[in-house]
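Residue-level structure breakdown
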Amino acid sequence: MDGAEPLLVDVSMCTIAEGKIRVALNKGVVTPDDCIIDSQGRPTNDPRVFYADPPGAILPMGQHKGYALAMLTEVLAGAFTGGSCTRAWASTVAVVVPS
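Please read these numbers as outputs of a predicted model, since none were measured by experiment.

Description of the overall build of the protein
The helix and strand inventory of the protein stands at three helices and three strands. Sequence-ordered secondary structure for the protein, helices as α and strands as β, is α-β-β-α-β-α. Within the protein, residue pairs in contact and separated by at least 24 positions form 32% of the contacts whose partners lie at least 6 positions apart. Total accessible area on the protein is roughly 8,000 Å²; 60% of this is exposed by carbon and sulfur atoms.

Structure below.
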């Protein structure tokens, strides 16, 4: 619609915002359960693990369904804006087409 304001939605498909992990790190406290994993995929509450080398990861909300929503969100955001995904070096996308 010409002249209409765009509808914007800014959400994360993660169980916790990275900013909250940084706050926990700076305060020296742990993160909530089931939010982050270490580089080997083991659950952890230690925010230092998220920023380690190799780094940990934030878990998606809704487990496998949340992962699918997050991946789709990243692909669409990159496609609609002409940008890339969260990690620009990760340029390979796997697409599964059911037969």
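Description of the nonpolar core
Formed by Ile16, Ile21, Cys35, Ile36 and Phe50, the largest nonpolar core amounts to five residues. Excluding residues that lie within four positions of it along the chain, isoleucine 21 makes contacts with Ile16, Thr31, Ile36, Pro47, Phe50, Tyr51 and Ile58.

Digging into the side chain of aspartate 38
If you trace the backbone, aspartate 38 turns up in the loop between strand E1 (36-37) and strand E2 (43-44). Of the residues examined, aspartate 38 reaches a relative accessible area of 13% and is grouped as buried. Engagement of the side chain of aspartate 38 in a polar contact is seen with the side chain of arginine 42, the distance being 2.8 Å. Residue contacts for aspartate 38: discarding those within four places in its chain leaves Thr44, Val49 and Gly56.

Some words on the sheet that holds strand E3 (residues 57-58)
The strand order across the open sheet formed by three strands is E2-E1-E3, and the pairing between neighbours is antiparallel. The strands lining the two open edges of the sheet, one partner per strand, are E2 and E3. As paired elements, E1 and E3 share two bridges and run antiparallel to each other. Note that in E3 the partner of isoleucine 37 across the bridge is alanine 57.

Calculation notes
- Residues numbered from 1 in each chain as written.
- Predicted model: local features only at pLDDT ≥ 70, side-chain atom pairs only at ≥ 80, totals over all residues.
- Heavy atoms only, no water.
- Helix = DSSP H or I, 4+ residues; strand = E, 2+ residues; numbered from the N terminus.
- Contact = heavy atoms within 4.5 Å.
- Areas by Shrake-Rupley, 256 points an atom, 1.4 Å probe, with all protein chains shown as cover.
- Core = buried A, V, L, I, M, F, W, Y, C linked by side-chain atoms within 4.5 Å.
- Buried < 20%, exposed > 50% of the residue type's maximum accessible area, 1.4 Å probe, protein only.
- Polar contact = N/O pair within 3.5 Å; in protein donor to acceptor, adjacent residues only side chain to side chain.
- Pairing = 2+ DSSP bridges.

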